[in-house]
Amino acid sequence: MSKKFWTPKIETMSSNELKKLQLKRLKNLINYIYKNNRFYRNRLKEVKIEADKIKSLKDIEKISFLTKQDLREFYPFGLVCTEVDDIIEVHASSGTTGKPVVGPYTKNDVELWAEVMARSLWANGLRKNDIMQNAYGYGLFTGAHGFEKGAQKIGAMVITISSGNTKRQITIMKDFGTTALVCTPSYSMYMAETAEYMGLDPLKDFKLRIGCFGAESWSEELRSNVEKRWGIVAHEHYGLTEIIGPGVVSECSCKKLHINADYFYPEVINPATGESLPYGEEGELIFTTLTKEAFPALRFRTRDLAILYDEKCECGRTLPIQSRIKGRSDDMMKIKGVIVFPSQIETALMQIEDLSDNYQIIKTKKGSIISLSVEVETTEKRWKDGCIDDLEQKAEEELFSILSLRVPVKVVEPKSIPRSIGKAIRIVER
Ligand SMILES: [Zn+2]
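Residues numbered from 1 in each chain as written. Predicted model: local features only at pLDDT ≥ 70, side-chain atom pairs only at ≥ 80, totals over all residues. Heavy atoms only, no water.

Novice: Talk me through the coordination of the zinc ion; I want residue IDs and the actual numbers.
Specialist: Donor atoms from the polypeptide that coordinate the zinc ion comprise Cys252 (SG), His258 (NE2), Cys313 (SG) and Cys315 (SG), at 2.1 to 2.3 Å from the metal. Taken together, the 4 donor atoms surrounding the zinc ion define angles of 106 to 113 degrees at the centre, an arrangement classified as tetrahedral. Sequence positions of the residues that donate to the zinc ion give the spacing C-x5-H-x54-C-x1-C. Taken together, the residues span a long stretch of sequence, with His258 in strand E9 (residues 257-259) and Cys315 in the loop between strand E13 (308-309) and strand E14 (321-322) at a distance of 57 residues. The residues His258 and Cys315 share a single accessibility class, namely buried. (Donors = N, O, S within 2.8 Å, 3.2 Å for Na, K, Ca; no water. Tetrahedral: all angles 85-135°; square planar, octahedral: opposite > 155°, others 65-115°. Helix = DSSP H or I, 4+ residues; strand = E, 2+ residues; numbered from the N terminus. Buried < 20%, exposed > 50% of the residue type's maximum accessible area, 1.4 Å probe, protein only.)

Novice: Give me the lowdown on the pattern of salt bridges, citing residues and values where you can.
Specialist: The tally for this structure, following the rule as stated, stands at 28 salt bridges. Linking Lys62 and Asp59 is a salt bridge whose minimum nitrogen-to-oxygen distance equals 3.1 Å. Judged by relative accessible area, Lys62 falls into the partly exposed class, the value being 46%. By relative accessible area, which is 11% here, Asp59 ends up buried. (Salt bridge = Lys/Arg side-chain N within 4 Å of Asp/Glu carboxyl O.)

Novice: Give me the lowdown on the side chain of Thr142, citing residues and values where you can.
Specialist: Within the secondary structure, Thr142 is located in the loop between strand E3 (131-134) and helix H6 (143-154). What makes Thr142 buried here is its relative accessible area of 8%. With near-sequence residues (within four places) excluded, Thr142 lies in contact with His91, Tyr105, Trp113, Thr241, Ile244, Gly245 and Pro246. (Contact = heavy atoms within 4.5 Å.)

Novice: Can you break down the sheet that holds strand E7 (residues 233-240) residue by residue, with the values?
Specialist: Taking strand neighbours across the sheet as the criterion, the 9 strands line up as E4-E3-E5-E6-E7-E8-E9-E14-E13 in an open arrangement whose pairing is mixed. Each having just a single partner strand, strand E4 (157-159) and E13 make up the two edges of the open sheet. Where E13 meets E14, 2 bridges bridge the pair, whose relative direction is antiparallel. The partner of Tyr309 across the bridge, within E14, is Ile321. In the packing of helix H5 (residues 107-124) onto the sheet, contacts are made with E3, strand E6 (210-213), E7 and strand E8 (245-251), and the angle to E8 comes to roughly 30 degrees. Contacts from helix H7 (residues 166-176) reach E3, E4 and strand E5 (180-183), with the element oriented near 175 degrees to E3. (Pairing = 2+ DSSP bridges. Axes fitted to C-alpha atoms, helices over the stretch in contact; angles between N-to-C directions.)

Interpretation in functional terms is not warranted from these geometric data alone.
Structure below.
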């Protein structure tokens, strides 16, 4: 019989034991970065913190945050706490303002990454006999590499196909008997569409049973569409280049997002004031990597909004749980005084029958005034039947009920909105 948990001792430890482990690791971390990096040493000196002065996990709150601005300033290797010689792998994500965010790894960091990814994929139900099609782009991005390491540690077969060339993806998926698909959720929908176009039935002609998705925000409604379309269980993954890549947080069979908190210490703060918030309150996620060597992050501000929960999960894991990401605080739009997240628009659109999950939010700037409109595809059948006026009206009403904001909706022809092989482009500025 295959084991239920990848690391049972850790995944089922009591919250007190976990806190003890985290505290021990935090003290080691403070000691380590104090010795090995000047930037961090100065930061710690400013607030008079040394490893000996850390008495409880609460003491971490005295330390200032690590921000994207800091990363830019010390680009590319200024925050590395080992010799640059000790780095054996490096990844990067596109930075919002030009310079990429760099993720360097020592041999131990790579091993840690494989371990947390194996734990996460195991929780999704991936086993040795699975065949995993890795349709994230292979390149500098962390995604594909993290999933590959974890799956291989479990012993599953990895098809290193990368993203794109969608017809070939479908052929390989059928011929190789792929059982697990890894990519962005929007790309999985594009793949289903392509399979149908090729005369195949996503529900009958494939052996797919699990989807491991991430790298873009998606609503529960889109998840349920993906599951129905492919006949699979779709799981969410959450991670960041600054922390390790994927492997920070992932879902169990109950679709709860467990944090690998023995390695990544989570906090939630009020993004406006920086003040720590208790479990159960929504705020900005902060992570501290407790054991990383090359690039430990101490209280990194993720800009992502979520809630932490300390509650029992039916799966038996005791690792803390976080809500799905409500939205990146960077993606938040303020329209006529109303706060709008793209995910709320997705949720509204998916309530309407005959609308597809291909949509774009159009942001128009006139002087300092920003307005929003939405273009969304209808289904092939509805388009042929004609009369889409009432669809637009229904969508506008649904948006109004969620946002209390009038957002004009234009229903467009199927397959007229550009598809993406990676992150879907949901917001365009015109
Ligand atoms: Zn669980």
